[in-house]
Amino acid sequence: MGVFHRYRSQIHGNYRRAYLRGGLLTGGLLGLYVLIRLLMGRPMESPLSLVVDAVLLICIFLLTAWYRNGLPEKRITLKEAMLFGLGTALIAGVLYGLILWAIGLSSASQTVLFTNTMVGENTIDGQNSQLHYWAAWWAILAGLETIILGSFFAFLAAILFRNEKSPVRTKN
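Note that the coordinates shown come from a computational prediction; the quantities given were computed from them, not determined experimentally. (Residues numbered from 1 in each chain as written. Predicted model: local features only at pLDDT ≥ 70, side-chain atom pairs only at ≥ 80, totals over all residues. Heavy atoms only, no water.)

Draft legend 1. Local environment of the overall build of the chain. What the chain contains, in helices and strands, is five helices and zero strands. Overall, the chain shows an N-to-C arrangement of helices and strands of α-α-α-α-α. Counting every position in the chain, which comprises 172 residues, the buried fraction comes to 40%. Sequence separation of 24 or more characterises 80% of the internal contacts of the chain that already satisfy a separation of 6 or more. Carbon and sulfur atoms form 65% of the exposed surface of the chain, whose accessible area is close to 10000 Å². (Helix = DSSP H or I, 4+ residues; strand = E, 2+ residues; numbered from the N terminus. Buried < 20%, exposed > 50% of the residue type's maximum accessible area, 1.4 Å probe, protein only. Contact = heavy atoms within 4.5 Å. Areas by Shrake-Rupley, 256 points an atom, 1.4 Å probe, with all protein chains shown as cover.)

Structure representation (structure tokens):
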């Protein structure tokens with residue numbers, strides 16, 4: 001247990017409020033992308049896509065830089081950057097999953113396309129009585145993938161943007 005208590009880090013800002021805002025913005029952008037594609041008549045084939053991952057990566061990196069620049073003296077530790085990034089990824093994943101669930105419940109064609117693409121051709125059709133379960137499944141899957149991938153991106157952003165090292169405490 002001594003290894004975990006060797007460092008003392010200082011939190012410089014209100015990272016909870018910042019990651020709540022950042023997560024809502026990121027999750028909203030991801031959900032908006034799916035909705036716009038559906039409304040344009042070119043729905044996404046899969047709830048997991050490279051475009052969604054790229055938007056998540058860009059948002060995590062930009063929001064971490066924005067948070068760091070808003071701090072006094074622009075000083076941030078690895079711990080604070082990680083907490084901000086993990087919170088952002090968690091909120092974004094939950095919101096993206098909820099938006100995807102709402103889209104799946106309101107648009108049977110989107111859920112059928114997700115299912116037929118991911119499971120196999122002609123697995124279900126638009127008249128299936130279990131469609132709402134599939135919509136929930138794709139929302140859970142996309143939300144978890146967003147949280148996991150966003151956490152990895154948060155780790156990379158924390159390493160990249162940290163500019164203050166925590167002092168190491170030594171016992172005499």
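Draft legend 2. Spatial organisation of the packing of aromatic side chains. Taken as a whole and judged by the stated rule, the model has six aromatic pairs. A ring pair is formed by Tyr 15 and Tyr 19, whose centres lie 6.1 Å apart and whose planes are at 40 degrees; its orientation type is tilted. Taken together, the residues span about one helical turn, with Tyr 15 and Tyr 19 both in helix 1 (residues 15–39) at a distance of four residues. Where Phe 61 meets Phe 161, the ring centres are 6.2 Å apart and the plane angle is 65 degrees; that geometry is what we call edge-to-face. Separated by 100 residues along the polypeptide, Phe 61 in helix 2 (residues 50–69) and Phe 161 in helix 5 (residues 131–161) bring together distant segments of the chain. The rings of Trp 134, Trp 137 and Trp 138 are connected pair by pair, giving a single aromatic cluster. (Phe/Tyr/Trp six-rings, centres within 6.5 Å; stacked < 30°, edge-to-face > 60°.)

Draft legend 3. Highlighting the packing of helix 2 against helix 3 (residues 78–106). Viewed as axis vectors pointing N to C, helix 2 and helix 3 meet at an angle of 140 degrees, and their least axial separation amounts to 10 Å. The angle between the axes of helix 2 and helix 3 places the two elements in the oblique class. Note that helix 2 runs across helix 3; the crossing there is right-handed. Touching Val 52, Ile 60, Leu 63, Thr 64 and Tyr 67 of helix 2 are Glu 80, Ala 81, Phe 84, Gly 85, Thr 88, Ala 89 and Tyr 96, all from helix 3. Class assignment for the residues of the contact of helix 2 with helix 3 results in eight nonpolar, three polar and one charged. (Axes fitted to C-alpha atoms, helices over the stretch in contact; angles between N-to-C directions. Parallel < 35°, antiparallel > 145°, perpendicular 65-115°, else oblique. Left-handed = near helix turned anticlockwise from the far one by under 90°. Nonpolar A, V, L, I, M, F, W, Y, C, P; charged D, E, K, R; others polar.)

Draft legend 4. Representation of the side chain of Thr 146 in the model. Examined against the element boundaries, Thr 146 turns out to sit in helix 5. Within the structure, the side chain of Thr 146 is placed 2.7 Å from the backbone oxygen of Ala 142, a separation counted as a polar contact. Not counting chain neighbours up to four residues away, the residues in contact with Thr 146 comprise Leu 30, Leu 56, Ala 92, Gly 93 and Tyr 96. (Polar contact = N/O pair within 3.5 Å; in protein donor to acceptor, adjacent residues only side chain to side chain.)

Draft legend 5. View of a nonpolar patch on the surface. Together, Leu 25, Leu 29, Leu 32, Leu 35, Ile 36, Leu 39 and Met 40 make up an exposed nonpolar region whose accessible area comes to about 660 Å². Mapped onto the secondary structure, Ile 36 falls in helix 1. (Patch = residues over 30% accessible without salt bridge, like charges linked within 9 Å, V, L, I, M, F, W, Y side chains within 5 Å. Salt bridge = Lys/Arg side-chain N within 4 Å of Asp/Glu carboxyl O.)

Draft legend 6. Here's a closer look at helix 2. Between its first and last C-alpha atoms helix 2 spans 28 Å; for 20 residues at 1.5 Å apiece the expected length is 28 Å, and the two agree. Listed in full, the buried residues belonging to helix 2 are Val 52, Asp 53, Leu 56, Cys 59, Ile 60, Leu 63, Thr 64, Ala 65, Tyr 67 and Arg 68. Contact partners of the buried residues in helix 2: helix 1, helix 3 and helix 5. (Expected span 1.5 Å × (residues − 1).)

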